[in-house]
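Read off the chains here:
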Amino acid sequence: MQQIVSVWVRDPRIRKNDFWHAYIDYEICLHTDSVCFTKKISSVRRRYSEFVWLRQKLQANSMLMVQLPALPPKNPFFSLNNAQQITERMKGLQRFLEKIVQNPLLLSDSCLHLFLQSQLSVSKIQACAAGRTHYSVAQAVKSCGLRRFHSEEDLQKDLSMSCDSDSDSSECRDPEPRIKDLTIIKSQSAGLLDLMGSSQEESLSSSSGST
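A quick note: this is a predicted structure, and the numbers were derived from the prediction, not measured. (Residues numbered from 1 in each chain as written. Predicted model: local features only at pLDDT ≥ 70, side-chain atom pairs only at ≥ 80, totals over all residues. Heavy atoms only, no water.)

**Notes on the packing of aromatic side chains**
- Scanning the entire structure with this criterion turns up two aromatic pairs.
- Ring centres of F51 and F115 lie 5.2 Å apart, and the angle between their planes is 80°; this geometry places the pair in the edge-to-face category. Pair noted here: F51 is in helix α1 (residues 48–61) and F115 is in helix α3 (residues 110–117), with a separation of 64 residues, a long-range link.
- What makes F51 buried here is its relative accessible area of 0%.
- In this structure, K16 is placed above the aromatic ring of F19, and the distance from its NZ or CZ to the ring centre is 5.7 Å. (Phe/Tyr/Trp six-rings, centres within 6.5 Å; stacked < 30°, edge-to-face > 60°. Helix = DSSP H or I, 4+ residues; strand = E, 2+ residues; numbered from the N terminus. Buried < 20%, exposed > 50% of the residue type's maximum accessible area, 1.4 Å probe, protein only. Lys NZ or Arg CZ within 6 Å of the ring centre and 35° of its normal.)

Right, here's the structure in full:
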């Protein structure tokens, strides 16, 4: 029986590092019955530069045995206020992941699983995959926060409402208003982000200490 791995890239949000610097991250929703994945349903957020890192890491780890799909190209004129550019990039990121999760060799890479199903930063993903952390890959995945949806049906309903689904048979009628109305979520400080990462590490430390 064929195992299914479904992945969506949706819900772009503007994040502010400080007064002058901002970026967009995207929600990655995954639903699967594959034995390759520790969690069958998950939701994390990643930014474009992290996708670039993932592709480079997978290419290096596969020792050029796999021709990886391309990412949407980096655009020097990319604007956080351009709804069309955001939508095109988001769909390109989804196409990239859809092809990645169908490759058995790439599915054996711990970096991919940590990217898709943990909140770890890129540097911590590398350390965990290399066995340089006090928690395992499985523990990092299991400690990931609660998912935003409870079933595939709920996710499909949410996707249809947000018009972020990438399908040849149905196009989003009007994705621009949703993106234009995105709320700018301000990080209170860089320390808050560090605290979130530290909290996850403390949780992992507790779970690994009890096993």
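**A closer look at the confidence of the model for the protein**
- Looking at the protein, pLDDT values average 78 and 68% of them are 70 or higher.
- Within the model, pLDDT remains below 50 along residues 146–152, and this stretch shows 18 contacts once partners closer than five positions in the same chain are excluded.
- Under a pLDDT of 50 for its full length, residues 158–196 has, in the predicted model, 39 contacts with residues more than four places off or in other chains. (pLDDT = per-residue confidence, 0-100. Contact = heavy atoms within 4.5 Å.)

**Details of helix α4 (residues 122–129)**
- All buried positions along α4 are accounted for by V122, I125, A127 and C128.
- Looking at the buried positions of α4, the neighbouring elements they touch are β3 (41–47), α1, α3 and α5 (137–142).

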